[in-house]
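Structural features, examined
Listed below are the residues making up each chain.
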Amino acid sequence: MKISDFDYDLPLELIAQTPIEPRDASRLLVVRRENKTFEHRHFRDLGEFLRPGDLLIANQSRVIPARLLGYREQTNGVAEVLLLAERNNLGPDHWETLVRPGRRLREGARIHFGHQGQPPRLIGEIKQRTEAGGRIVHFSVPEQSANSNDPYQLLNVRQRIDEVGRMPLPPYIHETLEDQERYQTVYARIQGSAAAPTAGLHFTPELLERLRQQGVRTSFVTLHVGLDTFRPVEHENVSEHKMHSEEIELDADTAALINETRQAGGRVVAVGTTSVRVLESIAKFHNGEIAPYKGNTRLFITPGTPFKVVDAMITNFHLPRSTLLLLVSAFMGKDLMEQAYQEAIKERYRFFSFGDAMLLL
């Protein structure tokens, strides 16, 4: 399987730069896999395609302010750190990151975060290089100088990251995001992601309530989005790509709801590729069954991978040559994926993080 076979041309003006208001005013391309038909609707119409007894499974991970801008301690040169995942197994306040400029940030280098010329608010020290080309960084909060007149309260590392960090918008978004909460889902509550699970950005509290009233239930899993959201598939041979480990969790209540839904003949509708990976990872770990789980996954879903739990999927439009496009192709078939994407381009849908959505039935 070649990654070049999962490429497509997209007019730049179709890359959504800002979120649409209200959230559920985005467009929805409804794809029926069985008869290969398309229907053009809006996300607010989602309830027309769901049935009483269906179960929505969404990712409740919350995006952290993972983009840290600082300067190198020795040279004052500009440095940037993107937090990917906390690695407490290496010690407190250790994070796996991507850094720039990579060639100058070697083991032992220190980065100061805060206003240049003032005492740093946060310090990061490069500890080691990762297999994926990132860095393990140990963060610390400098002790307040005895001679300093700065009255700020000494915060822990996580609080200081919240203070100095910025929202990690994807590099293809060039507009300023005025409301930082628009890069969070309305149900995000567990901090840990370096990017939003964007299929969930279309939901409003009112839409979720309407779905509940018509008998559609909602429950949540957690996958903290990490490196593979930012890293393209670099090998031409797809099988050579190594998925990054991401932290996932599914609790006992959600496991019970999924099993109850399956036994009653309802559909499990995954909101986004991250929810798909949680469900299918856990099914793989448990021989096709769903049980509570907390740990990590490296599951790489490509065409030919069987789906054991997910019956339908809500997803945005994904970048060419990406692991996410491979996953969607696995679920709907490569030929139908290509037809759907060309249909969306022809109809001027908005693409990527702040773009429109598909419902794959």
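Above this text sits the structure in question.
Just so it is clear, the structure is predicted and the values come from calculations on it, not from any experiment. (Residues numbered from 1 in each chain as written. Predicted model: local features only at pLDDT ≥ 70, side-chain atom pairs only at ≥ 80, totals over all residues. Heavy atoms only, no water.)

Next up on the list: the overall build of the protein. A tally of helices and strands in the protein yields six helices and 17 strands. Relative to the 2.2 N^0.38 estimate, which gives 21 Å for 361 residues, the radius of gyration of the protein is 21 Å and therefore close to what a compact globule would have. Expressed as lengths along the three principal axes of its C-alpha atoms, the size of the protein is roughly 70 × 40 × 40 Å. The buried share of the protein, reckoned over its 361 residues, is 54%. Counting only contacts in the protein whose residues sit at least 6 apart along the sequence, the fraction spanning at least 24 positions is 68%. Accessible surface computed for the protein: about 16900 Å², of which carbon and sulfur atoms make up 46%. (Helix = DSSP H or I, 4+ residues; strand = E, 2+ residues; numbered from the N terminus. Rg over C-alpha atoms; globule rule 2.2 N^0.38 Å. Buried < 20%, exposed > 50% of the residue type's maximum accessible area, 1.4 Å probe, protein only. Contact = heavy atoms within 4.5 Å. Areas by Shrake-Rupley, 256 points an atom, 1.4 Å probe, with all protein chains shown as cover.)

Here we take up unusual backbone geometry. In this model, Glu21 is joined to Pro22 through a cis peptide bond whose omega is -15 degrees. Looking at the secondary structure, you find Pro22 in the segment before strand S1 (27-32). Cis geometry is found at the peptide bond from Arg100 to Pro101, where omega equals -5 degrees. Tracing the backbone through its elements, the reader meets Pro101 in the loop between strand S7 (94-100) and strand S8 (110-113). Positive phi, close to 60 degrees, is recorded for Arg321, a residue that is not glycine. Secondary-structure assignment places Arg321 in the loop between strand S16 (312-316) and helix H5 (323-332). Positive phi, close to 75 degrees, is recorded for Phe352, a residue that is not glycine. Along the polypeptide, Phe352 turns up in the loop between helix H6 (334-346) and strand S17 (357-360).

Just distances and angles here, no functional claims.
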